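Letter by letter, the chains look like this.
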Amino acid sequence: MNQFLAFVKKEFYHIFRDRRTLFILLGMPLVQIIIFGFALTNEVKNANFVVLDNARDAASQQLIAQINASRYFDFEKNIYSNKDLEGVFQKGEAKIAIVFPPAFASDLQHLNKAQVQIIADATDPNTATTLTAYAAAIIMDYQKEITQNALLPYTIDIQQRMLYNPQLKGAYSFVPGVMAMVLMLVCTMMTAITIVREKEAGTMEVMLVSPVRPLKIIVAKAVPYLLLSIINIISILLLSVYVLNVPINGSILLLMSEGILFIITCLSFGLLISNVTDSQQTAMFIALIGMFLPTVMLSGFMFPIENMPLPLRLISNIVPARWFYSIVKSIMIKGLGIQFIWKETLILAGMTLLLLALSIKNFKIRLA
Amino acid sequence: MTEQPIIYTEHLTKRFGDFTAVDAISFEVQKGEIFGFLGANGAGKTTAMRMLCGLSLPTSGKATIAGFDVYKQTEKIKQNIGYMSQKFSLYEDLTIKENIRFYAGIYGKSDAFIKDKTAQLLQQLNLEAEGDKLVGSLPLGLKQKLAFSVAVFHEPQIVFLDEPTGGVDPVTRREFWNMIYEAATAGITIFVTTHYMDEAEYCNRISIMVDGKIEALDTPAGLKETYNAATMDDVFLQLARKATRSDA
Amino acid sequence: MSAVAVHNLVKQYKSGKAIIEAVQGVSFDVARGELFGIIGPDGAGKTSIFRMLTTLLLPDSGGATVDGSDIVKDYQAIRQKVGYMPGRFSLYQDLTVEENLHFFATIFKTSVTENYTLIKDIYVQIEPFKTRKAGKLSGGMKQKLALCCALIHKPVVLFLDEPTTGVDAVSRKEFWDMLRNLRQQGITILVSTPYMDEASLCDRVALMQKGKIMTTGTPQQIIQSFNHNILAVKAQNMYGLLQVLKQWNAIEDAYSFGEYHHVIMKERYDKKVMRQYLASTGYADADIHAVTPTIEDCFMQLMQHKHD
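Residues numbered from 1 in each chain as written. Chains lettered and ligands numbered in written order. Predicted model: local features only at pLDDT ≥ 70, side-chain atom pairs only at ≥ 80, totals over all residues. Heavy atoms only, no water.

- As annotated in an unreviewed UniProt entry, chain C carries the name ABC transporter ATP-binding protein and comes from Ilyomonas limi.
- Under the Sequence similarities (unreviewed entry) heading, UniProt states for chain C: "Belongs to the ABC transporter superfamily." (UniProt positions renumbered as here; feature names shortened; annotations may be inferred.)

- Going by the annotation in an unreviewed UniProt entry, the name recorded for chain A is ABC transporter permease, with Ilyomonas limi given as the source organism.
- According to its UniProt record, chain A has this under Subcellular location (unreviewed entry): "Cell membrane".
- Of the comments in the UniProt record for chain A, the one headed Sequence similarities (unreviewed entry) reads "Belongs to the ABC-2 integral membrane protein family."

What follows is the structure, given as C-alpha cells:
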C-alpha cells in the first residue's frame, strides 16, 4: 500500500510541476464550457428583419411595430415580392423575414384565425432558432393582448420555415458534449502520454526491474487522473448550472456515477494506447484519431446521428462517447432515471470491460 | 606568412541571464589545422561552438569564421562550414545516395558536381555497391564515417565535429581519424570535441575550457610539458578539477 | 554459486525484413563480489545482455541465472534483488533529489535510513542539492543520484549499463572510484562501457564485438595473451610516419595511439630493424620504444582476427 501511495504522490508531483499539463487538465474544461456556452447561448440583439406585408392593414402594422420595438429586432425595409426575399438573405441584409398574407386583419377578425410566416436564414442554425423563437413570442404576446377584449380567442397561426438547414438539430445541449470531450482529453490522452513519457525517459525500465507489480504502476498512474476528472465533472456541472443556467433535471448521484463509469472507459482506452506505443507523439496521435475525433464528430454532439449516412451511423455505435452523451442528455436535460438509460449504461459498461480486458492482456511486463 | 586565421575570436562572450556560459574567450585557428576543443561537461563548449557556427548570437566580443562576422554574416558562415555530431548526422530512413543528394542540394551544388563527387565518395568508403541501402541499416562506425564525408561534401573551409567518435569501435575510430587527417591535408580546417583523451593527441593544438574560460591552449606536447604530466588525461584532470561550477 | 551465470544467450530483433542478431550465443560467469566489465563499442550487444539479465527482455535461446534465479521463470525474484541503472538518465527530472531517493526507497519497500551506510559516501556529495530538481543537476551529479537510487535497496547484483558514456574524464574517474568502494562492500557489479581504458579498472572483463564475446579474463590475462611485440613510435610528421609504416612488410599492423603510433611487429623483427627501416625512409629522428599492450591493443587485434 505504501508503494502504491508513493506512486500516486509522485504522479501528482508530475502533474502539479508541469504547468502546461495542469492547464490542460484543469483549465481546458472551464475554457471549453465557457467558449461553447457563450458561443451557443448568447442571445441575439438587434437583428435586422424585412417585411413582406401583403395585407398592409392595421393589424399587420401593429405587429410590425411591436416586433421593431423589441430589443431583439430592427426593422430593415419592406419588400414587395417573394422573389426579393432570396436577395435579401443572400446579401445578408436581414436574418429573418415576416410575411403577412393578403387579408391578415380581416382573417383575424372574421375567422378568428390568421397566419403569419416567419422565414429565417438558418445558415447559422442557432441564431435562426433563437430569432424565430423570439419573433414567435412577440406574436403570441400580441395575440394575448387582442384576445383580452374578445369573446372568442383570436389565433395567429405562426408558420416557421428554416432555410438551408431545416432540421436544426445537435446545436443545443452542448454541456453533455463538452463533458464527454473533456473527459476524453484528460483521461485518454493524458494517461496515455504520461505512461509513454516514462517509457521515453527510461524510467519505465527501472520501474519494471523493481519489485512493484507492473499492473500496480499502471493503476497508480491512473488514480490521479480519475480524481482530477471527477473534479472536472463537478466544475463543469457547477459552471453549467450557475453560469450558463443549464439545469440538472435528473439525479446528480446518477449523473456522477455515469460520469465515473465513462472516466474508467477513457482510462482503459488510454492504457491500451500506452501499451502499444513508444512515443508521446504516437500516443497523442492515436488518442486524437481514435477517441477525440469520433467523440466530436460521431457522438451526436456536433452532428445529429439520425442525419448521418448508414455506415457512419453504424460506426457511431462503437464510440463510447455517443452512449455517454445520450445518457448525460437524458439525465440532465430530460430528467430521466436509470430505468430509461439502463441500456446505454450497459453498453458503456460492456465497452469499458472490453477495453480494460484488452489493455491488461496487452500489458507488457517486459520491454518490447 | 601573415595569413589571416580561419577562426578568430576576441573576448567572445555568451551570457544567459546572469549566467556567463562563455566568458571572454580569445583564440585563433589557422587554415588546415586540426583544433581540439576540450572541456568538462558544462564548461561551455557547446555554447561556444554554436556561436562559431552562426547558430547563436554572442552577447559581446568579436569573432570571424572564414573571414565572416558571426553577428552579421551568419548565412555566409553556414555556406562555408560543415557540421557533424554524434547525435545529429544523417536521415536513417533515406538511402546513402538520397542523404548525399539532400545535403548537397542544401548547399546548392550542381547535379554534375554531386554525381562525380558521390561516386568518388562511395569508392573511398568502399560502398559502391551499397549506395541504395538505407542509412539506418549501416553499422554505427560506417554511419559516422559517412556522416563526416557528407559534412565535407560541399568542400567547406571548416568542419565542426561534436564528439564524432562516441561509442565507435577502436579500429573504426582510427579510420575515422584517418579521414580527418586527409581532409586537413586537403586544406579543410578541423574543429573537434571529444571525450577520448588519446584523440586529443591527434590534434595539432588543443584548448581546454574550464568554467567558460579557455584555461589552456597549446600543442599536446606543450601542454604536457607545462603541466608536467605524462598523458593528456593528466593534463585534463588537473585543469578540469579546478572547475567550480557544474552544468545546469 | 556464481552471482551471474550466462549460458549461450541469444537475442535477435526484427527490423523490417532483416533480422539483427544482437547477441549471438554469449556465455560468461561472474563470481560473487566481482566487478565485471563488458567492454565493446555501440552495437556490440551490451544493452541487450543487460536487459535480458534484468528480466526486461526474453532471450530467444540460451539462459542465465542471477543470484541463482532463472531470468525467465523467476523474473519476479530477480526484480526483488537487483539494482539497475540503464544507459539513459533514468530518474524523474521534475522530482527533487530527495524526492527521487525516497520514491525509489519506497517502491523497493525500504527506507533511506535503512541502507544509508551503503550510499552515504555518494549521497553526501549531492546532499547540498537535495531540494534541487534532478533535471537541473549536472551530468556527474545526476549519475551519482541514479547510482544512489539503484543502491537504495541493497541489491545483491548491480547492473550499470554504460554509466560513463558521454561523461567527461573527471566525472568518469570519480564514478569508477565509487564503484571500487561499493565492490569492497560485497556487492557484485556488472558494468558495460565503450571506453577501453576503463577495462583495467575491472576485476574481470569480457570484450565484445558484434554480438559475440571475443575473450574473457582479468585485464592482466588478456594483456598477457597478446602474442606480439608492440613498439611505440613517434616522429615529427606523424601522419607521414604512419603511411611509411603501413607499407612495411615486417609488421602485422600499425595504428595511431595517443601521441605515438603502435606497431605490431611480425615475429623475428625488433626495434633495431625498425630503426634501420625508418632511417632509410627519412625518419631517422623517430623515437622508438617497446611498450606493454593495452586492452585497446588487444581489442583491435581480436577484431582483426575476426575479420580474417
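What follows picks up the thread again.
1. Quick look at helix α3 (residues 58–69) of chain A
All names here are of chain A.
Turning to step 1, where the next piece is worked out: Taking 1.5 Å per residue, twelve residues should reach 16 Å; α3 reaches 16 Å between its end C-alpha atoms and fits that length.
Turning to step 2, where the next piece is worked out: Looking only at α3, the buried set comprises Ala-59, Ser-60, Leu-63, Ile-64 and Ile-67. Looking straight down α3, one finds its buried side chains confined to an arc of 130°; they lie on one side. Residues of α3 that are exposed and point more than 90 degrees away from the buried face comprise Ala-58 and Ala-69. (Helix = DSSP H or I, 4+ residues; strand = E, 2+ residues; numbered from the N terminus. Expected span 1.5 Å × (residues − 1). Buried < 20%, exposed > 50% of the residue type's maximum accessible area, 1.4 Å probe, protein only. Arc of directions from axis to C-beta.)

2. With respect to a nonpolar patch on the surface
Turning to step 1, where the next piece is worked out: Together, Met-284, Phe-285, Leu-288, Ile-289, Leu-293, Met-297, Met-302 and Phe-303 of chain A give the surface a local cluster of nonpolar side chains, amounting to about 710 Å² of exposed area.
Turning to step 2, where the next piece is worked out: Mapped onto the fold, Leu-293 of chain A is located in helix α11 (residues 280–298). (Patch = residues over 30% accessible without salt bridge, like charges linked within 9 Å, V, L, I, M, F, W, Y side chains within 5 Å. Areas by Shrake-Rupley, 256 points an atom, 1.4 Å probe, with all protein chains shown as cover. Salt bridge = Lys/Arg side-chain N within 4 Å of Asp/Glu carboxyl O.)

3. A short note on the interface of chain A and chain C
Turning to step 1, where the next piece is worked out: Taken together, the contact pairs 28 residues of chain A with 31 residues of chain C.
Turning to step 2, where the next piece is worked out: Taken together, the two surfaces of chain A and chain C that pack against each other cover about 2700 Å², and 61% of this comes from carbon and sulfur.
Turning to step 3, where the next piece is worked out: The interface formed by chain A and chain C holds two salt bridges in total.
Turning to step 4, where the next piece is worked out: If you list the elements that add at least two residues to the side of chain A that touches chain C, you get α1 (2–17), α7 (174–201) and α8 (203–208) of chain A.
Turning to step 5, where the next piece is worked out: It is α1 of chain A that provides the largest number of residues to the side of chain A that touches chain C, a total of eight residues.
Turning to step 6, where the next piece is worked out: Looking at the side of chain A that touches chain C residue by residue, the class counts come to 14 nonpolar, six polar and eight charged. (Contact = heavy atoms within 4.5 Å. Buried area = accessible area lost by both parts, 1.4 Å probe. Nonpolar A, V, L, I, M, F, W, Y, C, P; charged D, E, K, R; others polar.)

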